[in-house]
Amino acid sequence: MPPTAVAPEVPTLVLEPSERAPSLARRFVAGWFREWGIADDSDARVVVSELVTNSLVHGEGPIVVRVLRDECDGRPVIETWDGGPGLPEIKPEDHASTSGRGLLMVSQLALEWGTRPLLEGGKLTWAKC
């Protein structure tokens, strides 16, 4: 009988929606970048912090953070999932506002990013670093 291919586990962190969530996500991503030998994780820490904050403010339920390597180019990809129905979008810049710039920062720091609804409800937002 031929061996069965088993997909490697994707590093996953499930967070309660609290003010600690962005900090815990930053530590999680930094740890995996270290594990993969990636010395500069500064952009990735900002990206995951903004994605988790977006899920915290606009989503529902637990926040799932996953980190994986793109199969084509080996670059790290950060995903966040939450149960909220609305898809994130970049808002027009408002210099008087004290919030609402997170996805704009993600779009400038990430090589690519996107979002999609999940069949089971909620959404996934991802960014390639």
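Scroll up for the structure.
Here is what the cut-offs are and how they apply
- Residues numbered from 1 in each chain as written.
- Predicted model: local features only at pLDDT ≥ 70, side-chain atom pairs only at ≥ 80, totals over all residues.
- Heavy atoms only, no water.
- Axes fitted to C-alpha atoms, helices over the stretch in contact; angles between N-to-C directions.
- Helix = DSSP H or I, 4+ residues; strand = E, 2+ residues; numbered from the N terminus.
- Left-handed = near helix turned anticlockwise from the far one by under 90°.
- Contact = heavy atoms within 4.5 Å.
- Nonpolar A, V, L, I, M, F, W, Y, C, P; charged D, E, K, R; others polar.
- Pairing = 2+ DSSP bridges.

Asker: Explain the packing of helix 1 (residues 21–35) against helix 2 (residues 42–58) here, please?
Answerer: When two helices pack together, their arrangement is given by the angle between the helix axes and the distance between those axes. Contact geometry for helix 1 and helix 2: axes closest at 8 Å, N-to-C directions at 145°. The interaxial crossing formed by helix 1 with helix 2 has right-handed handedness. In this structure, helix 1 uses A21, P22, A25, R26, V29, A30 and F33 to contact helix 2, whose residues at the interface are A44, R45, V48, S49, V52, T53 and L56. A per-class count over the contact of helix 1 with helix 2 returns ten nonpolar, two polar and two charged.

Asker: I tried to follow the sheet that holds strand 4 (residues 112–117) on my own but got confused; where do I start?
Answerer: Through backbone hydrogen bonds, the strands of a sheet pair up, either in parallel or in antiparallel fashion. Read from one edge of the open sheet, five strands run 1-2-3-5-4, paired in antiparallel fashion. The sheet is open, and its two borders are formed by strand 1 (12–15) and strand 4, each paired with just one other strand. Between one strand axis and the next, the sheet turns through 15° on average, direction left out of account. As paired strands, strand 3 (residues 76–82) and strand 5 (residues 123–128) are joined by six bridges and run antiparallel to one another. Within strand 5, the position partnered with W81 by the bridge is L124. Each of strand 1, strand 2 (63–69), strand 3 and strand 5 is contacted by helix 2, which is oriented at about 10° to strand 3, the strand it contacts most.

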